[in-house]
Amino acid sequence: MGARLRVFLTEKQDKDLLNLRTAKVPQKVKDRAEVIRLNAHGWYVEKIAAHFNWASQTVRVVLHKWEKFGRESLWEKPGRGGKAKWKEEDIEFLEAALKKEPRTYNSFQLADKLEKERSIKLSPDRLRRVLKKGIIWKRASPSHKGKQDPKQRDIKQSDLDMLELAAAAGEIDLKYLDESGFCAWSKPSYTYYKKCQQKRIQQTKNRGRRLSIVGLFEPLSSFVYGLVIGGVDRKAYIQMMEQEAEAAAEMKRLRIIVQDNGPIHKCQEVKKLWSKWEEQGLYIFFLPKYCSEMNPIELEWQHIKEDELAGQMFDDELELAYAVIDGVEARGKRGNYSTQRIKFKSRHPT
């Protein structure tokens, strides 16, 4: 086998590529910049390809173009053919409206807004094709971003970036912890069905009790989780953390757990155990308040609910639990990571 493909960056180049994360540039440019940074920090081509869900050859092309053309290779070359009636500023105007205005828009409303406020006339169908380059039709969701402390978030994001690079280099184990919940009545979703007819999902007799899950996610490696009826209490959390601390001590390897500021994560009983866990090699990295998007396990919860459970109704908590277990295992197979379920010594384990 030939030598591994590796690029080398100066400190200035690395910082420049990092700054593209928050710059107003196409997503493809951000992805290519991140590919180059990860390779420079020691990631192999195959690992980068798995991380981005790309073909290995695509990653190699990006790296070779960087070596040949430098920063210029991150952008697409201008194409031929007729020129667009709209400018990039017009699309940025729509993006700003979608981001800032407290409402939702469909393509007809966006086309009308573009014509009235920018004097650009595009049909809804044409506008949909234009927006596909960076904007897609999807559900809106509630957000706490307005409550975030931007300065604190930037500091924590920088620290987390360094931890992720250390984990990628194999220096530490980095895992993400969070809790979520499910109920017997899943939210209806889109489905294939006959034209001019609507599929109706019959609700079960009882909604039942909430099924809670607590998980530890190590991207591309493992997902450890436990299920309980009701809410996750401090005893279940402590049991999971004790298990991680023992594993860190046995392996003699630094292990970092990224988590939010939930009450059970900072209760007095837990705080008394922090020094013990640190002696065993287990440390906790607390995310800033209202910054759940910094935790990748949130996407796993979303996919389980929207892809695996959506549109299903369950007769009882046991049937729901089996569906969640199947959903976690399905996600593990698609994401190429192992799954492990632990049983808690609680009043309502599953």
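Calculation rules
Residues numbered from 1 in each chain as written. Predicted model: local features only at pLDDT ≥ 70, side-chain atom pairs only at ≥ 80, totals over all residues. Heavy atoms only, no water. Salt bridge = Lys/Arg side-chain N within 4 Å of Asp/Glu carboxyl O. Helix = DSSP H or I, 4+ residues; strand = E, 2+ residues; numbered from the N terminus. Buried < 20%, exposed > 50% of the residue type's maximum accessible area, 1.4 Å probe, protein only. Core = buried A, V, L, I, M, F, W, Y, C linked by side-chain atoms within 4.5 Å. Contact = heavy atoms within 4.5 Å. Axes fitted to C-alpha atoms, helices over the stretch in contact; angles between N-to-C directions. Parallel < 35°, antiparallel > 145°, perpendicular 65-115°, else oblique. Left-handed = near helix turned anticlockwise from the far one by under 90°. Nonpolar A, V, L, I, M, F, W, Y, C, P; charged D, E, K, R; others polar. Pairing = 2+ DSSP bridges. Expected span 1.5 Å × (residues − 1).

K.L.:
Sorry if this is basic, but what is going on with the pattern of salt bridges here?
P.N.:
Side-chain pairing between opposite charges can occur once the charged atoms of the two side chains come close. Scanning the entire structure with this criterion turns up 23 salt bridges. Glutamate 46 is the salt-bridge partner of arginine 60, the closest N and O atoms lying 3.7 Å from each other. With arginine 60 in helix H4 (residues 56-69) and glutamate 46 in helix H3 (residues 45-52), this pair connects stretches of sequence that are 14 residues apart. In this structure glutamate 46 comes out as partly exposed when scored by relative accessible area, which is 38%. One salt bridge in this structure joins glutamate 244 and lysine 175, with 3.1 Å as the shortest N-O distance. Taken together, the residues span a long stretch of sequence, with glutamate 244 in helix H9 (residues 234-251) and lysine 175 in strand E1 (residues 173-182) at a distance of 69 residues.

K.L.:
Can you help me understand the nonpolar core in this one?
P.N.:
Inside soluble globular proteins, nonpolar side chains tend to come together where they are buried. In terms of nonpolar packing, the biggest core is built from 33 residues, with Leu160, Ile213, Phe223, Leu227 and Val324 touching the most fellow members. For this core, the secondary-structure elements that each account for two or more residues are helix H8 (150-168), E1, strand E2 (211-218), strand E3 (222-229), strand E4 (255-259), helix H12 (297-309) and helix H13 (317-335). Per element, the largest residue contribution to this core is six residues, and it comes from H13. Look past the residues within four positions of phenylalanine 223 in its chain and what remains in contact with it is Gly215, Leu216, Phe217, Ile297, Glu300, Trp301, Val328, Tyr337, Ser338, Thr339 and Gln340. In terms of nonpolar packing, the next biggest core, distinct from the first, is built from 23 residues, Val7, Ala33, Ile48 and Ala49 among them.

K.L.:
I'm lost on the packing of H3 against H4 in this one. Help?
P.N.:
Two numbers describe a pair of packed helices, the interaxial angle and the distance between the axes. Close contact between H3 and H4 brings their axes to 8 Å; oriented N to C, the two are set at 110 degrees. Regarding the angle of H3 to H4, the classification is roughly perpendicular. The element H3 and its partner H4 pack so that their crossing is right-handed. Between H3, through Val45, Glu46, Ile48 and Ala49, and H4, the contact on the second element is made entirely by Ser56, Val59, Arg60 and Leu63. Of the residues that constitute the contact of H3 with H4, the class distribution is five nonpolar, one polar and two charged.

K.L.:
Would you mind going over the pairing of E2 with me for this structure?
P.N.:
Residues in a regular strand point their side chains to alternate faces of the sheet. Taking burial as the measure, the eight residues of E2 include eight buried ones, the bulk of the element. What you see with E2 is no split at all: Leu211, Ile213, Gly215 and Phe217 on one side and Ser212, Val214, Leu216 and Glu218 on the other are buried throughout. Of the pairings in the sheet, the one linking E2 to E3 comprises eight bridges and is antiparallel in character. By the bridge assignment, isoleucine 213 is partnered in E3 with leucine 227. Between E2 and E3, which pair antiparallel and follow one another directly, the connecting turn spans three residues, one of which, leucine 220, has a positive phi of 65 degrees.

K.L.:
Would you mind going over unusual backbone geometry with me for this structure?
P.N.:
Peptide bonds are mostly trans, and most non-glycine residues show a negative phi. The backbone of leucine 220 sits at a positive phi, close to 65 degrees, despite the residue not being glycine. Looking at the secondary structure, you find leucine 220 in the loop between E2 and E3. Even without glycine at this site, lysine 252 takes up a positive phi of about 55 degrees. Of note, lysine 252 is situated in the loop between H9 and E4. Taking the relative accessible area as the measure of exposure, lysine 252 reaches 78% and is therefore exposed.

K.L.:
Even after reading the chapter, I still don't get H13, so can you show me in this structure?
P.N.:
Within an α-helix, residues lying three or four positions from one another point in the same direction, as the helix has 3.6 residues per turn. Between its terminal C-alpha atoms H13 stretches 27 Å, which fits the 27 Å expected from 19 residues at 1.5 Å a residue. All of the buried residues in H13 are Glu317, Leu320, Ala321, Ala323, Val324, Ile325, Gly327, Val328, Arg331 and Gly332. Elements in contact with the buried residues of H13: E1, E2, E3, H12 and strand E6 (338-341). Just beyond H13, the residue with positive phi is asparagine 336, at close to 60 degrees.

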